[in-house]
Amino acid sequence: MTTDAAISHQLTTRDGVVLDVRPATEADEAALSAFFDAVSEQDRRFRFFAAGEHVSHDLLDPLIHADHFSSESYIAFEHTTGELVGSGLLACDNQLDTGEVAVSVHADYRGRGVGWALLDLLAREAERRGVRRVISIESRDNHAAIEVERDKGFTPEAFEGDPTLVVLSKTIR
């Protein structure tokens, strides 16, 4: 459920799901923990490159303590119910040359355009900050995310030193 923090974006997915999106705050830790409990084990592994039934505080910390310039963590709520249905992270290098993006979607909302909408938002935010390119590091087994990112203009390339991963990148300026 949404908290008192102000909604910064309202997005409509290709399926017509209306999302209220805002930056995550420290007060959202419990909601994010419950959200990631509702994400499939495979999706948690793809997002955090670690297996487990529960996402630890250490993994949630960057999501609730973004600096709001070189990093930003967004959470998306279904407009009507207030249910937390998506999480998106933009983390840029110090020079704001490259921004890494990561998106997770509640299992009940997969295939409804939530990931697409969050990926678009993250790319716009990276561009607004002057980032040259955005990347996503994916497990080669994460076919759904790779397909979405390729559809959004990302190009796959090898991840140096780990053949199980792939980097998808998109130049935005």
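Just above sits the structure.
Residues numbered from 1 in each chain as written. Predicted model: local features only at pLDDT ≥ 70, side-chain atom pairs only at ≥ 80, totals over all residues. Heavy atoms only, no water.

Visitor: Describe unusual backbone geometry, naming the residues involved and giving the relevant values.
Guide: Even without glycine at this site, His 68 takes up a positive phi of about 70 degrees. Even without a glycine there, the phi angle at Leu 96 is positive, about 55 degrees. Within the secondary structure, Leu 96 is located in the loop between strand S4 (84–92) and strand S5 (98–105). The buried category is assigned to Leu 96, whose relative accessible area is 13%. (Helix = DSSP H or I, 4+ residues; strand = E, 2+ residues; numbered from the N terminus. Buried < 20%, exposed > 50% of the residue type's maximum accessible area, 1.4 Å probe, protein only.)

Visitor: Quick rundown of helix H2 (residues 41–48)? Include the residues and the values.
Guide: Buried within H2 are the following residues: Asp 43, Arg 44, Phe 46, Arg 47 and Phe 48. Along its buried surface, H2 packs onto helix H1 (29–37), helix H3 (57–64), S4, S5 and strand S6 (133–139). Within two residues after H2, Phe 49 carries a phi angle of roughly 55 degrees, on the positive side. (Contact = heavy atoms within 4.5 Å.)

Visitor: Which residues make up the packing of aromatic side chains, and what values do they have?
Guide: Counting across every chain of the model gives two aromatic pairs. Geometrically, the ring pair formed by Phe 35 and Phe 36 is edge-to-face, given 4.9 Å between the ring centres and 70 degrees between the ring planes. Each member of the pair, Phe 35 together with Phe 36, is buried. Seen in terms of ring centroids, Phe 36 and Phe 48 are 5.0 Å apart; in terms of plane orientation they differ by 75 degrees. Their pairing is edge-to-face. Here Phe 36, found in helix H1, pairs with Phe 48, found in helix H2; they are twelve residues apart in sequence, far enough to count as distant. Of the residues examined, Phe 36 reaches a relative accessible area of 0% and is grouped as buried. Owing to a relative accessible area of 15%, Phe 48 belongs among the buried residues under this scheme. By the ring-pair criterion, three or more aromatic residues cluster together here, those being Phe 35, Phe 36 and Phe 48. In this structure, Arg 14 packs its charged tip against the face of Trp 116, placed 5.1 Å from the ring centre. (Phe/Tyr/Trp six-rings, centres within 6.5 Å; stacked < 30°, edge-to-face > 60°. Lys NZ or Arg CZ within 6 Å of the ring centre and 35° of its normal.)

Visitor: Give me the lowdown on the sheet that holds strand S1 (residues 9–12), citing residues and values where you can.
Guide: Taking strand neighbours across the sheet as the criterion, the eight strands line up as S1-S2-S3-S4-S5-S6-S8-S7 in an open arrangement whose pairing is mixed. Bordering the open sheet on either side are S1 and strand S7 (155–158), each of which pairs with just one other strand. Pairs of neighbouring strands in the sheet enclose a mean axial angle of 30 degrees, with direction left out of account. In this sheet, strand S8 (residues 165–171) lies alongside S7 in antiparallel orientation, the contact comprising four bridges. For Pro 156, the partnering residue across the bridge sits in S8 and is Leu 168. (Pairing = 2+ DSSP bridges. Axes fitted to C-alpha atoms, helices over the stretch in contact; angles between N-to-C directions.)

Visitor: Provide a residue-level description of the pairing of strand S3 (residues 71–78), including the pertinent values.
Guide: Counting buried positions along S3 gives eight out of eight residues, so the element sits mostly inside the fold. In S3, alternate side chains face the same way, and those of Ser 71, Ser 73, Ile 75 and Phe 77 on one face and Glu 72, Tyr 74, Ala 76 and Glu 78 on the other are all buried. The pairing of strand S2 (residues 18–23) with S3 spans five bridges and is antiparallel. Its bridge partner being in S3, Arg 22 is matched across the sheet by Ile 75.

Visitor: Explain the pattern of salt bridges to me, using residue names and the numbers behind them.
Guide: In the structure shown here, the tally under the stated rule is eight salt bridges. A salt bridge links Arg 112 to Asp 15; the shortest N-O distance between them is 4.0 Å. One end of the pair, Arg 112, is in the loop between S5 and helix H4 (114–128); the other, Asp 15, is in the loop between S1 and S2, with 97 residues separating them in the sequence. Residue Asp 15 is classed as partly exposed on the basis of its relative accessible area, which comes to 47%. Taking the shortest distance from any N to any O, the salt bridge between Asp 43 and Arg 110 comes out at 2.4 Å. Separated by 67 residues along the polypeptide, Asp 43 in helix H2 and Arg 110 in the loop between S5 and H4 bring together distant segments of the chain. For Asp 43, a relative accessible area of 12% translates into the label buried. (Salt bridge = Lys/Arg side-chain N within 4 Å of Asp/Glu carboxyl O.)

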